[in-house]
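Structural overview
Each chain, written out:
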Amino acid sequence: MDIFLQQIINGLVLGSIYALVALGYTMVYGILGLINFAHGDVVMVGALVALSIFQPLSASGVPVPLVLLLALGASMTICIALGVSIERVAYRPLRRAPRLAPLITAIGVSILIQYTAAMIWGKQYISLPPLLKTTQLELGGAHFTDLQAVIFLLACAVMGGLYWFVTRTRMGAAMRATEQNPDVAGLMGININFIIALTFVVGSGLAAVAGLMVVLYYGIGHYYMGFILGLKAFTAAVLGGIGNVTGAMLGGLLLGVIESLASGYIGDLTGGVFGSNYRDVFAFLVLVLVLIFRPSGLMGQPSAERA
Amino acid sequence: MLGFRKASPVVPILLYVAIAALLLLLPFVVESVLGRTWVRIIDVALLFVMLALGLNIVVGYAGLLDLGYVAFFAVGAYLYALLASPQLGIHWPFFLLLPMGAALACVFGVLLGAPTLRLRGDYLAIVTLGFGEIIRVFLNNLNRPINITNGPQGITLIDPIQVGGVSLSQTHTIAGITFAPVHSYYYVFLACALLSIFISLRLEDSRIGRAWIAIREDEIAAKSTGIHTRNVKLLAFAMGASFGGISGGLFAAFQGFVSPESFALLDSIMILCMVVLGGMGHVPGVVLGAILLTALPEALRYVGPLQQAWLGRILIDPSDLRMLLFGLALVLMMLFRPAGLWPSGVRKREFAE
């Protein structure tokens, strides 16, 4: 039973990171109807920028909270700049083009970011220097670190903030209006280009936070890490109902828990035939199952192809 | 030369004879000028022509984005490798295995396409992207508890293509001409590539081909004219996959070795680049794209020493540079020349709207 609880806790922590990334996918999809393939790579850039801040400062005697703030600031700035430029250069000119065109540029941008990162940071794994001292906490027989707790709580706080922003502010209302119908929203005096750029700002900012968390959680970064993370986060977004902000949060947490439980138990269930090296398969399996049985996701509205 | 444009039967026939002679002599000409390595590169280029034509059916004709196309290539290659090597101790002939590879790839295509193709097109992109990665997870890990795929080491000693007891992996001398394996495979691949071109061209003009193009241009309009869009899309997807399966089998026989390494996402992207760069939905363009992009890495090989000479160190690894160029090409092509380098008339009009 404590193993079960342990896996749930691990899954929730992991899932909160997925949820942050999934929000970026779901918001862009909601407004542009486009899978932003480059989003996972924005997370990767955030993670590697944070690592570049940690590397020189970890042993320099600068207080740890300040280092963390600096890293967050740097990776947010760079991710937001990156996200907005991607939108401006690669997606905006193609807003009225046939559907296939922006999808192809999206994958092109993703490749470009990956290999530019490989050029800047190299292809080896970059590890986090010893920075934080974690203490073990215990809850009902399951162990976790205070770092895990902070990641989870911080992610929840950020998501709460986003929820408030989208549902309670004027700008959030403008965002929802643009999502429903960009042309009509434009007629109502909403600056569509600004709102779309804002969506990318918010998504990329969340990506930076997620990148920092991944680095702190796994202690490692790599130019290719955005790919599988992006795939899982997208799955989370689909699971929750793509385009739906609350759904992405729920989907992220749920996917984290599913993955954690599945990779924890698959060895025992299959008598050791399949081990936890298949853990990346579960997200994909979830994606396909959701698409078969409930394509609109847990919280999404059934949507038809827009004419 | 007035008769060139008129329906004079002599000139086109002469032209075809000249092209045929050129294609037949090509490996020997290339070998004497550039060396045997380039004959091998041409062989690989022909394989990529087949792959690109297969993906062209999915992306170019039906307008569905498949980002894991190499997975079908892997399915064909591994099927051939498993059933024609000492790995499982089975040695079946190629004329059985190639159609089996095509059929199996087809089945995978349908399994993937069925849940996603009734939804909006972009789901297919992400599902195929995932499938491309997942298949590698399986290939890498299916070496225990029972060793099926031999994991990351891959499968070696795969049987070459044998015709009536004559193995293509040996050097033969016929009528005083020496045929090295690369030469023999050239003719096999050439035949297959030409067949693929023929099938692609015939499909394009067929009832199905026109249904695909209708779906690509406007799915709702296509549906309302009575096209069963899901089934027709599924057909495009399965047919594209079967091209991949056959090429995979040929690849395994040609290399004599397969490993999960050969089937990475980057290879899917490269094939996509060939289709996009050449001209989606236009067979000559796609063939051109495949040949250009197979030759490109060979040309980039000189970039490493150049950097060493100019900058004193290697700033960009040539294989990374290749990927950067692919990424850039995808973005720039879509922004400035979405119909490709050598576009078809229909496609040009569509993007110009």
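These lines cover the structure that appears in this document, whether it is placed above or below. Computed from a predicted structure; not experimentally measured. (Residues numbered from 1 in each chain as written. Chains lettered and ligands numbered in written order. Predicted model: local features only at pLDDT ≥ 70, side-chain atom pairs only at ≥ 80, totals over all residues.)

Re the interface of chain B and chain A
Of the residues lining the interface, 37 residues belong to chain B; the matching set on chain A comes to 37 residues. The set of elements that each furnish at least two residues to the side of chain B that touches chain A consists of helix H4 (94–117), helix H5 (121–141), helix H8 (219–224), helix H10 (265–278), helix H13 (318–336) and helix H14 (345–352) of chain B. Broken down by element, the residue count for the side of chain B that touches chain A peaks at 11 residues, all from H5 of chain B. (Contact = placed C-beta atoms within 7 Å. Helix = DSSP H or I, 4+ residues; strand = E, 2+ residues; numbered from the N terminus.)

What about the packing of helix H2 (residues 39–57) of chain A against helix H8 (residues 192–218) of chain A?
Two measures define how a pair of helices packs: the angle their axes make with one another and the distance between the axes. Residue and element names in this part refer to chain A. Contact pair H2 / H8: the axes reach a minimum separation of 7 Å and the direction vectors enclose 55°. On the basis of the axis angle, H2 is oblique to H8. In the packing of H2 onto H8, the handedness of the crossing is right-handed. Residue-level contacts link His 39, Val 42, Val 43, Met 44, Gly 46, Ala 47, Ala 50 and Leu 51 of H2 to Gly 203, Ser 204, Ala 207, Ala 208, Ala 210, Gly 211, Leu 212, Val 214 and Val 215 of H8. Across the contact of H2 with H8, the residue classes tally to 12 nonpolar, 5 polar and no charged. (Axes fitted to C-alpha atoms, helices over the stretch in contact; angles between N-to-C directions. Parallel < 35°, antiparallel > 145°, perpendicular 65-115°, else oblique. Left-handed = near helix turned anticlockwise from the far one by under 90°. Nonpolar A, V, L, I, M, F, W, Y, C, P; charged D, E, K, R; others polar.)

Looking at unusual backbone geometry
Residue and element names in this part refer to chain B. Positive phi outside glycine occurs at Leu 157, with the angle close to 55°. Looking at the secondary structure, you find Leu 157 in the loop between H5 and strand S3 (162–163). Accessibility expressed as a C-beta count within 10 Å gives 11 for Leu 157, which makes it exposed. (Buried ≥ 20, exposed ≤ 12 C-beta atoms within 10 Å, placed from the backbone.)

Focus: the nonpolar core
Judged by nonpolar contacts, the single largest core of 210 residues is most densely connected at Ala 19 of chain A together with Ala 52, Ala 236, Ile 271 and Met 274 of chain B. In contact with Met 274 of chain B, other than residues within four places in its own chain, are Phe 48, Ala 52, Val 286, Gly 289, Ala 290 and Leu 293 of chain B. (Core = buried A, V, L, I, M, F, W, Y, C linked by C-beta atoms within 7 Å.)

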